Every structure is written in C-alpha cells, then in structure tokens.
Amino acid sequence: MPGQFTCQYIDCHRTYKRKEHLVRHEKSHGQLRPFRCYECGADFHRNDLLKRHVRLSSKCKAASNEEQRPSLEAPTNPEPDPGSLRTVRIDGPITAASSLRNDIYKGLGPGLAAIADREELERLYFHHFHPHWPLLDEDLFMNAPQPPELVAAVLVAGLWMVSTDPGRPEASNQHDALMQEVTRTLLTEQPQWASPSAEYLPYFQALIIPLIIFTYRPLDEHFPNALMCNRHLHYILRGAGAYQQTRIDESSSDPAVRQQYQRLALLHYKLFVHNNSLVRSKFPRFEQFDYFQPSSLQVRVPVEGTDPLRDDLNSSLISDLLDRSCVDNLSRMTIAALISWDFSLGMVLACLVTRRKDEDGKSLLRRIEPNLFLYLTRD
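Definitions and limits used
Residues numbered from 1 in each chain as written. Predicted model: local features only at pLDDT ≥ 70, side-chain atom pairs only at ≥ 80, totals over all residues. Heavy atoms only, no water. Helix = DSSP H or I, 4+ residues; strand = E, 2+ residues; numbered from the N terminus. Buried < 20%, exposed > 50% of the residue type's maximum accessible area, 1.4 Å probe, protein only. Contact = heavy atoms within 4.5 Å. Areas by Shrake-Rupley, 256 points an atom, 1.4 Å probe, with all protein chains shown as cover. pLDDT = per-residue confidence, 0-100. Salt bridge = Lys/Arg side-chain N within 4 Å of Asp/Glu carboxyl O. Expected span 1.5 Å × (residues − 1). Phe/Tyr/Trp six-rings, centres within 6.5 Å; stacked < 30°, edge-to-face > 60°. Lys NZ or Arg CZ within 6 Å of the ring centre and 35° of its normal. Core = buried A, V, L, I, M, F, W, Y, C linked by side-chain atoms within 4.5 Å. Polar contact = N/O pair within 3.5 Å; in protein donor to acceptor, adjacent residues only side chain to side chain. Axes fitted to C-alpha atoms, helices over the stretch in contact; angles between N-to-C directions. Left-handed = near helix turned anticlockwise from the far one by under 90°. Nonpolar A, V, L, I, M, F, W, Y, C, P; charged D, E, K, R; others polar.

Describing the overall build of the protein chain
Counting secondary structure elements, the protein chain contains 16 helices and 4 strands. The buried share of the protein chain, reckoned over its 379 residues, is 49%. Long-range contacts, defined here as pairs at least 24 residues apart, represent 61% of the contacts in the protein chain between residues at least 6 apart. By element, 48% of the accessible surface of the protein chain is carried by carbon and sulfur atoms, the whole surface being about 18500 Å².

Here we look at the confidence of the model for the protein chain
Scored by pLDDT, the protein chain comes out at a mean of 74, with 68% of its residues at no less than 70. For the protein chain, the element scoring lowest by mean pLDDT is helix α12 (residues 310–313), at 48; helix α8 (residues 201–213) scores highest, at 95. Note on residues 66–116: pLDDT under 50 across the span, and 93 contacts to partners over four residues away in sequence or across chains.

Thoughts on the pattern of salt bridges
The final tally for this structure, using the stated rule, is 10 salt bridges. Residue Arg123 pairs with Glu120 through a salt bridge whose shortest N-O separation is 2.9 Å. With Arg123 and Glu120 both in helix α4 (residues 118–129) and 3 residues apart, the pair spans about one turn of that helix. Note on Arg123: relative accessible area 41%, which makes it partly exposed. We note a salt bridge from Arg217 to Asp176, for which the minimum N-O separation is 2.8 Å. Of this pair, Arg217 sits in the loop between α8 and α9 (223–240) while Asp176 sits in helix α7 (residues 167–189), placing them 41 residues apart in sequence.

Describing α9
With 18 residues, α9 extends 26 Å from end C-alpha to end C-alpha; this agrees with the ideal 26 Å at 1.5 Å per step. Of all the 18 residues making up α9, 15 are buried; the element is thus mostly covered by neighbouring parts of the structure. Positive backbone phi, approximately 85°, marks Gly241, located one or two places after α9.

Remarks on the packing of aromatic side chains
Aromatic rings in a pair are described by how distant their centres are and how their planes are angled relative to each other. Counted under the stated rule, the structure contains 14 aromatic pairs. Summarising the aromatic geometry, the rings of Phe126 and Phe141 are spaced 5.8 Å apart at their centres and angled 55° between planes, so their arrangement reads as tilted. Of this pair, Phe126 sits in helix α4 while Phe141 sits in helix α5 (residues 138–143), placing them 15 residues apart in sequence. Take Phe141: its relative accessible area is 2%, and that puts it in the buried class. An aromatic cluster is present here, built from Tyr235, Tyr243, Tyr269, Phe272, Tyr291 and Phe292 joined pairwise through their rings. Against the face of Trp133 rests Lys270, its NZ or CZ located 4.4 Å from the ring centre.

Considering the nonpolar core
In terms of nonpolar packing, the biggest core is built from 90 residues, with Phe129, Ile209 and Tyr269 touching the most fellow members. In terms of residue count, the dominant contributor to this core is helix α11 (residues 255–282) (12 residues). Dropping the residues within four chain positions of it, Tyr269 is found in contact with Phe292, Gln293, Pro294, Leu297, Leu345, Val348, Leu349 and Leu352.

As for the side chain of Arg263
Tracing the sequence through the fold places Arg263 in helix α11. Of the residues examined, Arg263 reaches a relative accessible area of 4% and is grouped as buried. Among the polar contacts listed, one links the side chain of Arg263 to the backbone oxygen of Leu136, at a separation of 2.4 Å.

A look at the packing of helix α15 (residues 343–353) against helix α16 (residues 361–368)
Between α15 and α16, the least distance of the axes is 10 Å, while the angle of their chain directions is 145°. With respect to the hand of their crossing, α15 and α16 are arranged in right-handed fashion. Of the residues in α16, those in contact with Val348, Cys351 and Leu352 of α15 are Leu364, Arg367 and Ile368. Residue classes in the contact of α15 with α16 are distributed as 5 nonpolar, no polar and 1 charged.

In structure tokens, the structure reads:
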C-alpha cells in the first residue's frame, strides 16, 4: 500500500504511511534542530538521535544522569532571555494597553525613537499589517484580555512594519525567536485541537501571524521551515473544522468568533497562494503545493455590519463558487464582497472561478501573481 503522506520539499518524493513518520523526515530537510544536548551543545532534529548521542558519549551520558540536569526532551516553555520583545513576562491574560520595555530599542537608531511602547506597535500592526491581512477584530483585541502568545505575535508584526532600516535586524531577530515557538508547537508538540471554538481561536491566530510575516522577508534559510509549518497548520485547522462553516456555527454562537474563523480560513488560503508564488520564483522546477484546495473553503464571506447583501451571502459558501458551471449573480455578489473585504484574495478567487479547463497550475499562478504582494509597494 503506497504511503498517503508525501514530502513537499523540492525534488523529494518520499512517502510515508503515518503522519508522524513524515513529520520526522521533514525535519531533516530544514535547519530545525529542537533537541539539544545540554552537556556539549550538539543539536539534533530528532529526539532518538539525541538519545543515541548521549548513550554513545560517555561524558554526556554521565552528565545526563546528574541531578538537576535539564530534560533531554525539547523544552516546551523555555525561560526567556531578559530584555527582548518576546520575553516580556506575561503571567496571564492582559489588555492591549500595557507598556513595552523601552530598552529593547536602545542602539537601533533615531528612526525608532518614537516607538516606545506597545500601543505604538499595535497601531503599526493595525495601520499597516491589518489592511492586507485582516485577521483580527481590532475592537476586541484592543479592549478584551488576550493570551500572551497572540499579543507577542501582534507586537512582532508591528515591529516588522517599522519602515526604517535600523529596525529590520531587530524585527528579524524577534521574528526568528517567535518562529522557534511556532515550530515547536506545530512540529514537536503537534497539538490536537478538536473544534473551532472561541477558546482555541487566539492560539490559531498567534500561529498564523508569524507565518504571514515571511511574505515580507527576503527568502532565506528559514523559509523552508515556514513552508513546513504552514502545511502542518493546515492539517491542524482542517482537523479542527476551521474550514467548515457548519463546524464553526456548532462550536460558537458568537458572531464575532464565527467571523474571525472565516477570516482565519480565507487568509490561510491567501497565505498558501503567496507561498506557492514565492517558491516558484526561487525554484523554477517547483511543482505547486496542492494540499490546500480552494474547494475545502466551506465558509462564508466575513461580511460586517448590516450589509444588505448579508442574507444572500449567508446562504453561499466560498466552495460553492467553484462548483457552479457558470458565473451567476450570487457568484458575482460573493466575489464582490470578497474584493471589498480583501482585494487581493477576492481577485485570486476571481481568477479561480474564471479558470479555463485547459489552464494548467503554473499558468493560473502567473495570472494570479499580479494580485499578490500588493503591500510591498507601500512607501
């Protein structure tokens, strides 16, 4: 029986019957080495390799038996280094009005002098990042307690929106640190979230924001790991039912929660398309990722307020667009609502709806690409 889980790395076609075996294999492609020997500092991408190293090294074996020696397992909650953005100690839910330590900006140049607290970073997030990736409900985020994971993701995205060059190294460092936590969550811990509930929503949002930030960065050695994390986030969201309106409605009666899940599903597909474009630009031999089909987007358009089209749009799912043999009035209304909510994603879906039967994936992506990365033209 052929394996049902296939490695998505370039020029690698290994298949496995079990998902955990694929996860273990994919760690060997990137520079993900979450298992460290605390005696000699050697890093490994698999825990069994670390244990074998300790078993074969007499020095490390002896040290591992000492009392007070840290566990050989990858740490799930490492103690942060003092003084960095990601390490502001947050012991519980907090509001978005707390101050951020000013000392992390020392030495970063006059361009960052005005950014002295969290309120400014949040303003940058909602002014520059949010219009292109409208994931959060701004009023809810600013006025309700939020888990520290989501707050940290918003602050790092806000720091990345600083347009002056002196801030970019610090933004990159903070993003790299945040991605270590995202990687550990998605690839090492592999959490199982059972439903698209209000309880899980901010954690899903906290996982996707650092992955979106990669679309602002030049491609580097960290990008393959981001691709791998994106795919595993897709599996988690799909398993939780976050792409199914019926599961969302069953899990929460709160319209704000339902709408934010719609945003999450649609923006994750938008990120998927952006990643396909990024990889194609760097790897000409690239075969498109196909694990995220637009037909799986069984969610409604996140129409806000008292839009007169709400009743009609509430009866239509995004997946319905691709099932129709022709573009009817409801299809046009749905696409128009998508374009109004997120222009780039709306145009992507319009390209998919008008796809010719003889149009291959690469030709379709080339037709889509003029509607991607529109935010990178910002002054």
